[in-house]
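Residues per chain, in single letters:
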Amino acid sequence: MKFARAVLNGTLRLCVVDDAAGILRPLPADITRLQQVIGSPSVTPESPVPLSGVTLLAPILPQRNIFCVGKNYREHAREFSQSGFEAGASKDKPVDDYPAIFTKPASSVIGQNAVVDLHPTVTDAVDYEAELAVIIGKPGRNIAEADAMSHVWGYTIINDVTARDRQKNHKQWFMGKALDTFCPMGPWAVTADEVDGANLDISCHVNGELRQKANTRDLIFTIPSLIATLSAGLALEAGDVISTGTPAGVGIGFNPPRFLKSGDRVEVTISGIGTLGNSFG
């Protein structure tokens, strides 16, 4: 099942999505957050409305920072270490023994078709990163890898927009990742029973040009291992979001780098979920 947060007639509604039929079915008006249906009994949707022309917000607004994973595809780890933008990079050992974890604040989240602010007074090196995001459904701490998938409620798409100069200069990645609008998410969330998170095709197009193409089976650190790592001594909560990392083909992988400029449009597609599209300005 797919869920979206949408503005219908000026009112925020949580809806069930049938993208094949091009319709939304709003849930009762008092249900406006995805957290309200995670782990809850099913509710009866209302009459359908057309999906076209509806403003879609991010499917979930986390109550905490979004957990993010860096360098989780081998070819991307190599392109990053060779780009000159990774502080302290080792070209001889681009793949780390442990996952690199950082966060993006909930304030950076925007939805489908919202415009990403390039922040030209702050950075001139804005890049894209297509990623599968995991939504936690069952809370837990010290979760074993063998039990991890039982804690997954579903999935969505994130574009981990990054100011590469700030990422390099400040060494800790938060400053390059946390700017307002730097976390497009959507277009909706899909329950875990509908897709296999370990085998999803992921691609990214910039102005129609294919830049990234991979499959989540190529992840260095798998979804269960990430959940086990993150939950070690840190309780995960229902509604937490984990962005699992991006494949090769980002802007810094080109020589010279191909950073985003005003008017560019980035579209991230993941099989079984959909396409997240945003313009930059």
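In this text the structure is predicted, and so the values were computed from the model without any measurement.

## Description of the layout of surface pockets
In step 1: Taken as a whole, the largest pocket holds about 150 Å³ of empty space.
In step 2: Lining the largest pocket are E86, A87, A100, I101, F102, K171, Q172, W173 and F174.
In step 3: Among the elements that make up the lining of the largest pocket, the one with the highest residue count is strand β7 (residues 100-104) (three residues).
In step 4: Considering only residue class, the lining of the largest pocket consists of six nonpolar, one polar and two charged.

## Digging into the pairing of strand β14 (residues 201-206)
In step 1: Pairing geometry for β14 and strand β15 (residues 209-215), over six bridges, is antiparallel. Bridging from a neighbouring strand, C204 pairs with Q212 of β15.
In step 2: Counting the residues in the hairpin turn of β14 and β15 gives two residues, including N207, whose phi is positive at 50°.
In step 3: In terms of strand pairing, β14 meets strand β17 (residues 265-270) through five bridges, oriented antiparallel.

## Some details on the packing of aromatic side chains
In step 1: Scanning the model with the defined rule gives two aromatic pairs in all.
In step 2: Ring geometry for F3 versus W153: centroids 5.8 Å apart, planes at 45°, classification tilted. One end of the pair, F3, is in strand β1 (residues 2-8); the other, W153, is in strand β11 (residues 152-159), with 150 residues separating them in the sequence.
In step 3: The ring of F254 carries the charged tip of R258 above its face, separated from the ring centre by 4.8 Å.

## Let's talk about the sheet that holds β15
In step 1: Taken in spatial order, the four strands of this open sheet run β15-β14-β17-β18, and their pairing is antiparallel. The open sheet has two edge strands, β15 and β18 (274-279), and neither has a second partner. Taken over all neighbouring pairs, the strand axes of this sheet differ in orientation by 15° on average, direction set aside.

## Describing the side chain of S108
In step 1: Relative to the elements of secondary structure, S108 occurs in the loop between β7 and β8 (109-110).
In step 2: Not counting residues within four places of it along the chain, the set of residues in contact with S108 comprises A178, L179, D180, T181, F182 and C183.

## Looking at helix α4 (residues 223-231)
In step 1: Across the nine residues of α4, eight count as buried, placing the element largely inside the fold.
In step 2: Three or more residues of α4 are buried, namely I223, P224, S225, L226, I227, A228, L230 and S231.
In step 3: Of the surrounding secondary structure, the elements contacted by the buried residues of α4 are β6 (66-70), β7, β10 (130-136), β11 and β16 (241-243).
In step 4: Directly after α4, the chain includes G233, whose backbone phi takes a positive value near 80°.

## Notes on the pairing of β7
On a regular strand, one side chain projects to one face of the sheet and the next to the other, so that they alternate.
In step 1: Of the two faces of β7, only the one carrying A100, F102 and K104 is buried; I101 and T103 on the other face are not.
In step 2: Both β6 and β7 contribute to a ladder of five bridges, which runs antiparallel. The residue of β7 that forms the bridge with V69 is I101.

## Some thoughts on the side chain of Q212
In step 1: By the secondary structure assignment, Q212 is in strand β15.
In step 2: A distance of 2.8 Å separates a polar atom in the side chain of Q212 from a polar atom in the side chain of T246.
In step 3: The contact partners of Q212, leaving out residues within four places of it in the chain, are Y128, E129, A130, I202, S203, C204, T246, P247, A248, G249 and V250.

Rules of the game
- Residues numbered from 1 in each chain as written.
- Predicted model: local features only at pLDDT ≥ 70, side-chain atom pairs only at ≥ 80, totals over all residues.
- Heavy atoms only, no water.
- 1 Å grid on protein atoms, 1.4 Å probe; cavity = no way out; pocket = protein on both sides within 12 Å on 5 of 7 lines; lining within 4 Å.
- Points joined across faces, edges and corners; volume = space filled by probe spheres on them.
- Helix = DSSP H or I, 4+ residues; strand = E, 2+ residues; numbered from the N terminus.
- Nonpolar A, V, L, I, M, F, W, Y, C, P; charged D, E, K, R; others polar.
- Pairing = 2+ DSSP bridges.
- Phe/Tyr/Trp six-rings, centres within 6.5 Å; stacked < 30°, edge-to-face > 60°.
- Lys NZ or Arg CZ within 6 Å of the ring centre and 35° of its normal.
- Axes fitted to C-alpha atoms, helices over the stretch in contact; angles between N-to-C directions.
- Contact = heavy atoms within 4.5 Å.
- Buried < 20%, exposed > 50% of the residue type's maximum accessible area, 1.4 Å probe, protein only.
- Polar contact = N/O pair within 3.5 Å; in protein donor to acceptor, adjacent residues only side chain to side chain.

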